[in-house]
Amino acid sequence: MSEVQCEQPNNSLYTFTGNLIMDNQTLPLSPNQILLRGCSLKNTEFIVGAVIFTGHETKVMMNSMNVPSKRSTLERKLDKLILTLFGTLFTMCLIGAIGSGVFIDRKYYFLGLGKSVEDQFNPNNRFLVALLTMLTLLTLYSTIIPISLYVSIEMIKFIQSTQFINKDLNMYHAETDTPALARTSNLNEELGQVEYIFSDKTGTLTRNLMEFFKCSIGGEIYGTGMTEIERGIAERRGIKVQEVQASNNPIREKGFNFDDVRLMRGAWRNEPNPDACKEFFRCLAICHTVLPEGDESPEKIKYQAASPDEAALVLAAKHFGFFFYRRTPTMIYVRESHVERMGKIQDVSYEILNVLEFNSTRKRQSVVCRYPDGRLVLYSKGADTVIYERLAGGSDALKNVTREHLEQFGSAGLRTLCLAYRDLAPDMYESWNEKFIQAKSSLRDREKKLDEVAELIEKDLILIGATAIEDKLQEGVPNCIETLSRAGIKIWVLTGDKMETAINIAYACNLLNNEMKQFIISSETDAIRAVEERGDQVEIAHFIKEEVKKQLKKCLDEAQQYFHTVSGPKLALIIDGKCLMYALDPSLRITLLTLSLNCSSVVCCRVSPLQKAQVTSLVKKGARKITLSIGDGANDVSMIQAAHIGVGISGLEGMQAVMASDFAVAQFRFLNDLLLVHGRWSYLRLCKVVMYFFYKNLTFTLTQFWFTFNTGFSGQRFYDDWFQSLYNVIFTALPVIMVGLFDKDVSSSLSKKYPELYKEGTRNMFFKWKVVAIWAFFAVYQSLVFFHFVTVSSSASQGSSGKMFGLWDVSTMAFTCVVVTVNLRLLMICNSITRWHYISVGGSILAWFLFIFIYSGIMTPHDRQENIFWVIYVLMSTPYFYITLLLVPVAALVGDFLYLGVQRWFFPYDYQIVQEIHKDEADDSGRSDLLEIGNQLTPDEARSYAISQLPREISKHTGFAFDSPGYESFFASQLGIYAPQKAWDVARRASMRSKPKTNKKN
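Residues numbered from 1 in each chain as written. Predicted model: local features only at pLDDT ≥ 70, side-chain atom pairs only at ≥ 80, totals over all residues. Heavy atoms only, no water.

Engineer: When you look at the pairing of strand 17 (residues 345-356) in this model, what are you seeing that I'm missing?
Structural biologist: Along any regular strand, the residues point their side chains to alternate faces of the sheet. One ladder, built from seven bridges, connects strand 16 (residues 331-337) with strand 17; its direction is antiparallel. Along strand 17, the bridge assignment pairs M331 with E351. (Pairing = 2+ DSSP bridges. Helix = DSSP H or I, 4+ residues; strand = E, 2+ residues; numbered from the N terminus.)

Right under this line is the structure:
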């Protein structure tokens, strides 16, 4: 039996099967128990997150994933269509082979099937005849497989990415000089079918420009400002917000937005807790890894920090009078003001003895320093959950007050950190330092041993206070989220912040509102805290899992009651990382998925990077919906890679997210253009390209198939070899590429004004088997028209010399009709026709005539293709050619024309209704006034204004080929009301004659 070695930091929770060997004892493991320090597992497998490791030595890397290979949903469905075509090809060949075996007979004396005939036509061996005929027909019908389709699609996607997405000025961020970037061209059409967006918060929804805003010191709150979220909360509650008057001389600097005269310019000395203030400021100035740059003056110095939060804290210390200006490997120099007395400034050097660095597991940072007078102090800052666990006993009043302040800061959408310190005895420190040096010099398991040593000294801390840093929302985020929601896209926020902060950010982003029914699953309950205080990890794991199970079942039962109501409220789920860890267990994830999919918004708080990826994979694989993940930092890479589409924001946290993404933008609001415009257009265009390729190849091949029935299934070709070779390469290649690049149903501004149009992509309206069947029906119909119309009419026709038309005359006539018809059919599916469409369609038809003129002219009777000699000249010398060229395309396209007319009149798509509404407007011009007005209104006012601008039932039955006055269902969908369209009402209105306008007299 093999053994798997696994090493994890403390308090890491994973799922295992097998036996746990710890301290030379073997303990049976039930699922969902906690693995603590170094341990071994005996059995065939164990599971870490969603990854299974089996019977060999391995190391587990937390929060990591393999880089996936992504293909779009349309490409996977295209593979099924190609397999269907292969099946059709095999069926056609089988029919021909069976017919050949049955037809071949010596009674047809004119075939000359003597006794010495070759095997392919020997009636004595019909099976061999059928087999060889099938191979012949495979090459003859191979044109049904659109080999050039993949080349055309890749060309279209590449140009869409490099020329349209990358150069869209609406997605260009001028402040950072950052355009949009498509890092892959495989997923353009996938952007038009997204149903779920998973978003990080910091740097994605917010600006990641941290500003020191408030603080709590010794149980007292300092800072008089009001955040955007606090204003939003007040407005939701109907409270009139009164602006707080700023101090006479407030200090403003990027990263510092604090205003309270009680702490500024040495006024903190007059506070009831000056010693706590002093420790607070020194902790900010000493406990960090910031590097100063430039002149050592407060006005010119620049700070280089690992995160914007850390830079903001050091900047705050400078403005409070504790100016950090120099750093060496072992010393930190701080210029302190007003410490001994008002107005006195002194430079103090602190010896940095040890730095216990921050990581995602520890969630804290500590520094051991020695004062000039020899005092040894440990300063620590970190998340409130980890700092409170390590506080010394006593001072319960301060702890409770500070906890209330933290909740208040979180409710205002501020990012919080707790500050604490501890005085160290020299002998105790020396003993601990030896262990620290030993762990630091270890060559194996160094990080783990350093964490264990840090646990020995980071305890019995004294709480100083808390900081509150504001990270403002990016411009346009609330409007963008509202627009995407109207498009039918559900947005989930996955963040590592506190639940209070995440909830209020969600309110500010319009993800949550007071009308929603909110289900909150949190581990911060009295029952769970009581179990955690006992310290039994196995008991904690079992208890939390049972609590999560109860909460999920309760929420799902309550949600199902709302499902059965006609006008029930929208649902929202808020869950924290600790509960999510258990909810992702295989026994509970189905319940979690069912509840989540029926919620309009989901907010996951305190989640790790791996949990972000697991939630994304849960929806991607469990719900089989198209997902998009967007983030800006290295901790979002796993989530970005797990989704169908990954979008990276090129922000202030490096380029890791961008390098792992499929598309990169500078701001969250650019998702509107990326999805509603480029994604939707790409989906529509590529669907048309695929369907058109399918149609034109099937039409061309079926004419050859019908001819086989007239040749005794002998495999005689209907078309010349060059006709067949150049059909897809020259005569029909360019127009379809123009459709894939330039076809546009509505303008970009209308795509964003009517985001409901996006739902046609999520419902896959334009690439389903029903659509394939309709195209196949018309391909069969047109192929019958081409073959029978031409062959029957030519039987009674003759050339100018009096000779009847032969095989090559008829096939050339039929091929001419095919080329002209399929190119004209392309124009019928275009929503917008540009000069490039005319050039490509006209050029393709002209290319055919130029080719046949040259090809039939240069062939001589001594060449192999002697039957093509002078064919086109013979045909064009007769009226038959021109009459047939006129009538056959008309007869072939009349069915398509009638179908498109009926569909647009009685069963219009949403985009066709929008076309009729705005048929008299220019593409994107003439709308600046409307857009400008819309930008100045609230979302509700803008929507009302847009509805008021819609034309009523005044139609002149002109515009986009067919008019469709029945807009009632579409107007209702704009207002969130379902109203089924009445076909008879549309017909009645369409039949009404428009009356001339007359001026009414009063």
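Now that the structure is up, let's keep going.
Engineer: Please clarify how the sheet that holds strand 19 (residues 376-382) should be interpreted in this entry.
Structural biologist: Hydrogen bonds between backbone groups are what pair the strands of a sheet, and the pairing can be parallel or antiparallel. With antiparallel pairing, nine strands are arranged side by side in an open sheet as 12-11-21-20-19-18-17-16-15. Every other strand in the sheet has two partners, leaving strand 12 (220-222) and strand 15 (322-327) as the edge strands with one partner each. Going across the sheet, the axis of each strand differs from the next one's by a mean of 30°, ignoring polarity. Where strand 20 (residues 415-423) meets strand 21 (residues 462-470), seven bridges bridge the pair, whose relative direction is antiparallel. Paired with Y421 across the strands is I462, a residue of strand 21. On the sheet, helix 9 (residues 426-440) packs against strand 17, strand 18 (364-370), strand 19 and strand 20 and is oriented at approximately 50° with respect to strand 17. (Axes fitted to C-alpha atoms, helices over the stretch in contact; angles between N-to-C directions. Contact = heavy atoms within 4.5 Å.)

Engineer: What is the right way to look at a nonpolar patch on the surface in this model?
Structural biologist: Together, F789, I883, L886, L887 and V890 give the surface a local cluster of nonpolar side chains, amounting to about 460 Å² of exposed area. Per-element accounting of the nonpolar patch gives the leading share, four residues, to helix 29 (residues 879-906). Tracing the backbone through its elements, the reader meets V890 in helix 29. (Patch = residues over 30% accessible without salt bridge, like charges linked within 9 Å, V, L, I, M, F, W, Y side chains within 5 Å. Areas by Shrake-Rupley, 256 points an atom, 1.4 Å probe, with all protein chains shown as cover. Salt bridge = Lys/Arg side-chain N within 4 Å of Asp/Glu carboxyl O.)

Engineer: Whenever I open this one, the packing of aromatic side chains confuses me. Can you help?
Structural biologist: The full count for this structure, using the stated rule, is 57 aromatic pairs. Between the aromatic rings of F281 and F322, the centroid separation amounts to 5.6 Å while the plane-to-plane angle is 45°, which identifies the pairing as tilted. Here F322 lies in strand 15 and F281 lies in helix 5 (residues 274-286), a separation of 41 residues in the sequence. In terms of burial, F281 and F322 fall into one category: buried. Members of the aromatic cluster, each reached through a chain of ring pairs, are F700, F707, F718, Y719, F723, Y727, F731, F787, F815, W848, F851 and Y855. Over the aromatic face of Y325 sits the side chain of R335, whose NZ or CZ is 4.4 Å from the ring centroid. Residue placement shows R403 over the ring face of Y388; its charged tip is 4.5 Å from the ring centre. (Phe/Tyr/Trp six-rings, centres within 6.5 Å; stacked < 30°, edge-to-face > 60°. Buried < 20%, exposed > 50% of the residue type's maximum accessible area, 1.4 Å probe, protein only. Lys NZ or Arg CZ within 6 Å of the ring centre and 35° of its normal.)

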